[in-house]
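The chain contents come next:
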Amino acid sequence: MASEIVSIEPATGAILWRREIGDVDAEVAMARASWAEWAARPLTYRVETLRRFANVVRARADAFADLIARETGKPLWEARTEVESVIAKVDISVSAYAERTSQRRLDAPMGSRMALRHKPHGVLAVLGPYNFPAHLPNGHIVPALLAGNAVVFKPSEKTPAVGAFLVECFHAGGVPQGCIRVLIGGPAEGKALATHDGIDGLLFTGSAHTGVAINRAFANRPDKILALEMGGNNPIIAWDTPDLHSAAVIIVQSAFTTAGQRCTAARRLIVDERLYDPLIDTVNKLIGRLIVGEPHANPAPFMGPVIDNESADMLTESFLELMMRGGRPIRHLERVVEGRPFLIPALIDTTEMRDRPDIELFGPILQVIRAKTFEDALTEANNTRYGLSASLLSQDPALYDQFWANARAGIVNWNKPTNGASSRAPFGGIGLSGNHRPTAFYAADYAAYPVVSSEADQARASIGVGLREG
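Residues numbered from 1 in each chain as written. Predicted model: local features only at pLDDT ≥ 70, side-chain atom pairs only at ≥ 80, totals over all residues. Heavy atoms only, no water.

Caption draft 1: A look at a nonpolar patch on the surface. Side chains of Val6, Ile8 and Ile15 sit close together on the surface and give an oily, nonpolar patch of about 220 Å² of accessible area. Here Val6 shows up in strand E1 (residues 4–8). Given a relative accessible area of 31%, Val6 falls into the partly exposed group. (Patch = residues over 30% accessible without salt bridge, like charges linked within 9 Å, V, L, I, M, F, W, Y side chains within 5 Å. Areas by Shrake-Rupley, 256 points an atom, 1.4 Å probe, with all protein chains shown as cover. Salt bridge = Lys/Arg side-chain N within 4 Å of Asp/Glu carboxyl O. Helix = DSSP H or I, 4+ residues; strand = E, 2+ residues; numbered from the N terminus. Buried < 20%, exposed > 50% of the residue type's maximum accessible area, 1.4 Å probe, protein only.)

Next up, the structure:
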């Protein structure tokens, strides 16, 4: 059994970071011993502490972005936008907490008072993904800390260095050591944390396979909060859109930003068959112009490698499987650097394929499906167990109204990419994409629970019916 976690730079294969595997029981125990004092602090104290954390990240932004780029392989420009999102999350969460969990006075009978307040759950576990190893877990951690919880955070074993750096920034900003803990480990440690009796809930971002397993494990624990964000098999429909270049840019941004490793990435392009030839030709030519390179390359690449060779191998096998099932390759998935996970994006027409697999291919593979009518395109868009993001490219507002009303997704866009969701809005989906606990602006909803109090300055009561005379 491995005693340490080693992080490898995807672009170079060099060892970036290593640390011994942590002790789940010890990390949970430290958080349990610390959260009550943190929760008892005034909200203003927690707000100011988290604002100091944001200032620490701001001061360390260059080093943070460099680490994210090296550990994930994403371009440095994209890593910098992730750091900016980490900083912005604090003020967004403060606004969200004020709006979603504010204290209120409610009407009550007979001159009494009724109050609505919110309490933290206690100790929350956070399991983070590798594609946005700082921004996405931070989107759970900041609202949880703001509400008064303590957090035990287990970063992905593929990006542990970024997770450890993030927690160091929280401590440097003044969050007590025991209130935010980092647990270094692999799947076994993640499972042990998720099922630990000492946590009061779990906040998860990752694959549907893992999320469903977690949901089963929580089936007999209704006392624990569970928030799942599990990705998608997202459609983008191209219909009645004369600007083919702009449509192609939106399609490429949707499908291949972050090397296709976004839960909101477009996996299926559904095209009006009358647009098929010119649009696919434009998309294919644009893919041929994309720079795929290491994070610090000059000129800057559009995308870097996928996270590791194992993922690249699985994506290659998935593309071959689509071909064997009847898919017609338009552009093959190319491995461009021997021994490293750099991939040139792929296009494959799966219109004639029977029983297309409803899976999230987490990388730069885009399936193309021709449709004769807009109703057929809508049916195909909803032909998935997922329901995170969907987008329509069209100049017809009536078609968008129809699309919005019928698309089964938590994010429905018009002439915009499927990805790039704002932290100032709720983020989540239906089906296998989540369990109706949206993150981002609505994270405050699962970070604290409402408490309603009927209150009076002194006890005054009488029974007017049903008593014998005394």
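Caption draft 2: Local environment of helix H1 (residues 24–40). Between its first and last C-alpha atoms H1 spans 25 Å; for 17 residues at 1.5 Å apiece the expected length is 24 Å, and the two agree. Residues Val24, Glu27, Val28, Ala31, Ser34, Trp35 and Trp38 constitute the buried set of H1. The distance from a side-chain oxygen at the start of H1 to the backbone nitrogen of Asp25 is 3.0 Å, and the residue carrying that oxygen is Asp23. (Expected span 1.5 Å × (residues − 1). Polar contact = N/O pair within 3.5 Å; in protein donor to acceptor, adjacent residues only side chain to side chain.)

Caption draft 3: Expanded view of the packing of aromatic side chains. Scanning the entire structure with this criterion turns up six aromatic pairs. Between Trp38 and Tyr45 the ring centres are 6.3 Å apart and the planes differ by 70°, which places this aromatic pair in the edge-to-face class. The buried category is assigned to Trp38, whose relative accessible area is 2%. When its relative accessible area of 31% is taken as the criterion, Tyr45 is described as partly exposed. (Phe/Tyr/Trp six-rings, centres within 6.5 Å; stacked < 30°, edge-to-face > 60°.)

Caption draft 4: The arrangement of the environment of Lys89 in detail. With respect to the secondary-structure elements, Lys89 resides in helix H4 (residues 76–100). Taking the C-alpha atoms as reference, Lys89 lies 26 Å from Met30; in sequence the two are 59 residues apart. Contact partners of Lys89, with chain neighbours within four places excluded, come to Asn138, Gly139, Val142, Pro143, Ala440 and Phe441. At 3.5 Å, the side chain of Lys89 and the backbone oxygen of Ala440 are in polar contact. (Contact = heavy atoms within 4.5 Å.)

Caption draft 5: A look at unusual backbone geometry. The omega angle of the peptide bond from Asn298 to Pro299 is 5°, so this bond is cis rather than trans. Structurally, the position occupied by Pro299 is in the loop between helix H10 (276–289) and helix H11 (309–324). Residues other than glycine seldom take positive phi values, yet Asp240 does so here, at roughly 55°. Mapped onto the fold, Asp240 is located in the loop between strand E10 (234–238) and helix H9 (244–256). The backbone phi angle of Thr258 is positive, close to 60°, even though this residue is not glycine. Among the secondary structure elements, Thr258 is positioned in the loop between H9 and strand E11 (266–272).

Caption draft 6: Just the pattern of salt bridges, in detail. Taken as a whole and assessed by the stated rule, the structure comprises 29 salt bridges. In this structure, the salt-bridge partner of Arg70 is Asp66, at a minimum N-O distance of 3.0 Å. Here the residue Arg70 and the residue Asp66 both occupy positions in helix H3 (residues 61–72), the gap between them amounting to four residues, near one helical turn. Asp445 is the partner of Arg100 in a salt bridge, and the nearest nitrogen-oxygen pair spans 2.6 Å. Placement of the pair is Arg100 in helix H4 and Asp445 in helix H14 (residues 443–447), with a sequence separation of 345 residues. Asp445 sits in the partly exposed class, given a relative accessible area of 38%. It is possible to trace a salt-bridge network through shared partners that takes in Arg105, Arg113, Arg117, Glu455 and Asp457.

Caption draft 7: View of the sheet that holds strand E4 (residues 113–120). Judged by pairing direction, the sheet is antiparallel, and its three strands sit side by side in the order E3-E4-E21 without closing on themselves. Only two strands of the sheet have a single neighbouring strand rather than two, namely strand E3 (104–106) and strand E21 (448–455). Sheet twist, expressed as the average angle between the axes of neighbouring strands with direction ignored, equals 30°. Sheet topology places E4 next to E21; eight bridges connect them, and they run antiparallel. Paired with Leu116 across the bridge in E21 is Val452. (Pairing = 2+ DSSP bridges. Axes fitted to C-alpha atoms, helices over the stretch in contact; angles between N-to-C directions.)

Caption draft 8: Spatial organisation of the packing of H3 against H4. The geometry of H3 relative to H4 is characterised by a closest axis approach of 8 Å and an angle of 125° between their N-to-C directions. Overall, the two elements H3 and H4 adopt an arrangement that is oblique. Here the hand of the crossing between H3 and H4 comes out right-handed. Together, Ala61, Phe64, Ala65, Asp66, Ile68 and Ala69 of H3 and Leu76, Ala79, Arg80, Glu82 and Val83 of H4 make up the contact between the two elements. The residue makeup of the contact of H3 with H4, split by class, is eight nonpolar, no polar and three charged. (Parallel < 35°, antiparallel > 145°, perpendicular 65-115°, else oblique. Left-handed = near helix turned anticlockwise from the far one by under 90°. Nonpolar A, V, L, I, M, F, W, Y, C, P; charged D, E, K, R; others polar.)

Caption draft 9: Local environment of the pairing of strand E15 (residues 346–349). Because side chains alternate across E15, one face comprises the buried residues Ala346 and Ile348, and the other comprises Leu347 and Asp349, equally buried. Two strands pair when backbone bridges link them, and E15 and strand E16 (residues 365–371) are joined in this way by four bridges, in the parallel orientation. Each bridged residue has a counterpart across the sheet, and for Leu347 the counterpart in E16 is Leu366.

Caption draft 10: The arrangement of H10 in detail. For H10, with 14 residues, the first-to-last C-alpha span of 20 Å sits near the 20 Å given by 1.5 Å per residue. Residues of H10 that are buried include every one of Tyr276, Leu279, Ile280, Val283, Asn284, Leu286 and Ile287, and no others. Projection of H10 onto a plane perpendicular to its axis shows the buried side chains occupying an angular sector of 160°, all on one side. Of the residues in H10, the exposed ones pointing more than 90 degrees away from the buried face are Asp277, Lys285 and Arg289. Structurally, H10 contributes buried residues whose contacts are with E10, H9, E11, strand E12 (328–331), E15 and E16. (Arc of directions from axis to C-beta.)

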